[in-house]
Amino acid sequence: VLMMSESPGSVISSGINAEYGGVVVVVDSAEFVERKRETCESLYEVLLHEDVQKSRCPVLLLCNKQDFEMARGAAAILTTLEAELTVLNDTAANSLADDAASQRSLVPRGTTVNFEKLSNPVSAVGATCIGDEVDISALKQWISEL
């Protein structure tokens, strides 16, 4: 399993390869509203990565800091990212429309991104990894099911 932060560009520098059984993207739930675009770009990069697509490995959003008062829940983050990815996917498809050879998108232009219908299953779980309260049981469960 490959774990990475939600920072754009971290996917390429961290060296995804076809041998990974899954990819975990750690999302800061407490700052998600302010960083949703960055998170969306990172997830888009992961989902379009050649080795991820070839392996069809599952992708998990580990929504950290669930104990923070302003934290968004995992389900809300998934819903928001589907909407954001739809916009990003259409923008990328439109910008590449003249260059069919390099055109890559998650779904056809004008189609809503639905995590349940992608070739790589995307799910999200909550976690608390700050201070004395560490709860990554959902992550451990996900890894055990790979």
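About the cut-offs
- Per chain, residues are indexed from 1 in the order of the written sequence.
- With the structure being a predicted model, the display of local features is reserved for residues of pLDDT at least 70 and the display and counting of side-chain atom pairs for 80 or more, all residues being used for whole-chain, interface and lining totals.
- As a rule here, side-chain values come from all non-hydrogen atoms in the structure, and water together with hydrogens is ignored.
- When accessible area is computed with a 1.4 Å probe and restricted to protein chains, residues below 20% of their type maximum are described as buried, those above 50% as exposed, and intermediate ones as partly exposed.
- To qualify as a helix, a DSSP run of H or I must reach at least 4 residues; to qualify as a strand, a run of E must reach at least 2; elements of each kind are numbered from the N terminus.
- In short, DSSP must find at least two bridges between two strands for them to pair.
- Should any heavy atoms of two residues lie within 4.5 Å, those residues are considered in contact.
- Residues belong to a common nonpolar core when they are buried Ala, Val, Leu, Ile, Met, Phe, Trp, Tyr or Cys residues joined through side-chain atoms within 4.5 Å.
- Known as pLDDT, the predictor's confidence for each residue is given on a scale from 0 to 100.
- For this document, the term salt bridge refers to a Lys or Arg side-chain nitrogen within 4 Å of an Asp or Glu carboxyl oxygen.

(A) Representation of the pairing of strand S3 (residues 59–64) in the model. Within S3, six of the six residues are buried, which leaves it mostly tucked inside the rest of the structure. Here S3 shows two buried faces, one formed by Val-59, Leu-61 and Cys-63 and the other by Leu-60, Leu-62 and Asn-64. Pairing of strand S2 (residues 23–28) with S3, which is carried by six bridges, proceeds in the parallel orientation. Among the inter-strand pairings, Val-26 is bridged to a residue of S3, identified as Leu-62. As paired strands, S3 and strand S4 (residues 122–126) are joined by five bridges and run parallel to one another. Residue pairing in the sheet places Cys-63 in a bridge with Gly-126 of S4.

(B) The arrangement of the environment of Phe-32 in detail. With respect to the helices and strands, the residue Phe-32 is situated in helix H2 (residues 32–48). Taking the C-alpha atoms as reference points, Phe-32 and Cys-63, separated by 31 residues in sequence, lie 9.2 Å from one another. The contact partners of Phe-32, leaving out residues within four places of it in the chain, are Val-27, Thr-39, Arg-72, Ile-77, Thr-80 and Leu-81.

(C) Focus on the nonpolar core. Counting 29 residues, the largest nonpolar core has Leu-47, Leu-61, Leu-85 and Phe-115 as the members making the most contacts within it. Every element with two or more residues in this core is listed here: S2, H2, S3, helix H4 (74–95) and S4. Ignoring sequence-local partners within four residues, the contact set of Leu-61 consists of Val-25, Val-27, Leu-43, Ile-77, Leu-78, Leu-81, Ser-123, Ala-124 and Val-125. If you look at the next biggest cluster of nonpolar residues, it comprises seven residues, including Val-24, Leu-60, Ala-127 and Trp-142.

(D) Representation of the confidence of the model for the protein chain within the structure. Within the protein chain, residue pLDDT values average 84, and 80% of them lie at 70 or more. Predicted confidence in the protein chain is weakest over helix H1 (residues 10–14), with a mean pLDDT of 47, and strongest over S4, with 96.

(E) Quick peek at the pattern of salt bridges. For the coordinates displayed, the defined rule picks out six salt bridges. For Glu-84, the salt bridge is made with Lys-36, and the minimal N-O distance between the two is 3.9 Å. A residue pair is termed long-range when its members are at least 10 positions apart, and Glu-84 in helix H4 and Lys-36 in helix H2 qualify at 48 residues. Assessed through its relative accessible area of 30%, Lys-36 is described here as partly exposed. One salt bridge in this structure joins Glu-84 and Arg-37, with 3.8 Å as the shortest N-O distance.

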